[in-house]
Amino acid sequence: LSNMAWYPRFLSRYRAGGRCAEEKGCPTSLVFRVQHGAELEAARKSGDKHDTIEREIQRSLAIVNGMIGELHYLKEREERMRDTNESTNARVMWFSVLSISILLAMGIWQIRYLNRFFAEKKLI
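Model, not experiment: these values are computed from the prediction.

The rules behind the values
- Residues numbered from 1 in each chain as written.
- Predicted model: local features only at pLDDT ≥ 70, side-chain atom pairs only at ≥ 80, totals over all residues.
- Heavy atoms only, no water.
- Helix = DSSP H or I, 4+ residues; strand = E, 2+ residues; numbered from the N terminus.
- Areas by Shrake-Rupley, 256 points an atom, 1.4 Å probe, with all protein chains shown as cover.
- Patch = residues over 30% accessible without salt bridge, like charges linked within 9 Å, V, L, I, M, F, W, Y side chains within 5 Å.
- Salt bridge = Lys/Arg side-chain N within 4 Å of Asp/Glu carboxyl O.
- Lys, Arg positive; Asp, Glu negative; His and termini not counted.
- Charge placed at Lys NZ, Arg CZ, Asp CG, Glu CD.
- Buried < 20%, exposed > 50% of the residue type's maximum accessible area, 1.4 Å probe, protein only.
- Phe/Tyr/Trp six-rings, centres within 6.5 Å; stacked < 30°, edge-to-face > 60°.

Peer 1: Looking at this structure, I do not really get the overall build of the chain. What am I missing?
Peer 2: The helix and strand inventory of the chain stands at 2 helices and 0 strands. Counting only carbon and sulfur atoms, one obtains 60% of the accessible surface of the chain, whose full area is about 11800 Å².

Have a look at this one:
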């Protein structure tokens with residue numbers, strides 16, 4: 001590195017000679033060589049490593065497509081489960097309303113029955 005001012009957070013990691021002082025903290029550079037058109041066809045014919053890289057990219061693409069399909073499936077499944085949950089909650093609510101109505105009706109009926117019973121027995 002000729003100009004250390006561009007790398008202020010790595011200043012403590014470099015010696016005067018420009019080499020990394022500690023091996024774990026060294027910045028890494030990555031260079032891509034992109035071929036296209038006739039250059040790519042020539043490299044394919046020569047048996048370059050492009051075929052293996054291309055296969056890896058296609059395999060990665062297939063995995064990503066599988067993940068996307070799985071996410072769509074999970075989304076649909078979540079929607080079905082939510083609909084089922086909402087339907088079940090509505091049924092439970094109506095069952096509770098029906099139960100309370102029956103209990104109130106039975107209570108009112110018991111009060112009227114007991115009033116009539118005691119009136120006939122002349123206890124009231």
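Peer 1: Looking at this model, I keep getting lost on a negative patch on the surface. Mind explaining?
Peer 2: A cluster of acidic side chains, namely Glu 76, Glu 79, Asp 83 and Glu 86, defines a negative patch on the protein surface. Relative to the helices and strands, Glu 76 resides in helix α2 (residues 50-120). For Glu 76, a relative accessible area of 47% corresponds to the partly exposed category.

Peer 1: Even after reading the chapter, I still don't get the pattern of salt bridges, so can you show me in this structure?
Peer 2: Pairing is possible between side chains of opposite charge, provided their charged atoms come close. On inspection of all chains with the given rule, the structure shows 2 salt bridges. Salt-bridge contacts for Glu 56 lead to Arg 59; the nearest nitrogen and oxygen are separated by 2.9 Å. Of this pair, Glu 56 and Arg 59 both sit in helix α2, 3 residues apart, roughly one helical turn. Residue classification places Arg 59 among the partly exposed residues on the basis of a relative accessible area of 45%. The salt bridge partner of Arg 82 is Glu 78, with a shortest N-O separation of 3.2 Å. Linking Arg 82 with Glu 78, this pair stays in helix α2, spanning 4 residues, or about one helical turn. Judged by relative accessible area, which is 38%, Arg 82 ranks as partly exposed.

Peer 1: Mind showing me how you'd approach the packing of aromatic side chains here?
Peer 2: All chains considered together, the criterion is met by 2 aromatic pairs. For the ring pair Trp 109 and Tyr 113, a centre distance of 5.4 Å and an interplane angle of 20° mean the geometry is stacked. One end of the pair, Trp 109, and the other, Tyr 113, are both in helix α2, 4 residues apart, so they sit about a helical turn from each other. For Trp 109, a relative accessible area of 47% corresponds to the partly exposed category. According to the relative accessible area criterion, Tyr 113 is partly exposed, its value standing at 41%. Ring centres of Phe 117 and Phe 118 lie 5.4 Å apart, and the angle between their planes is 65°; this geometry places the pair in the edge-to-face category. We classify Phe 117 as partly exposed; its relative accessible area is 33%.

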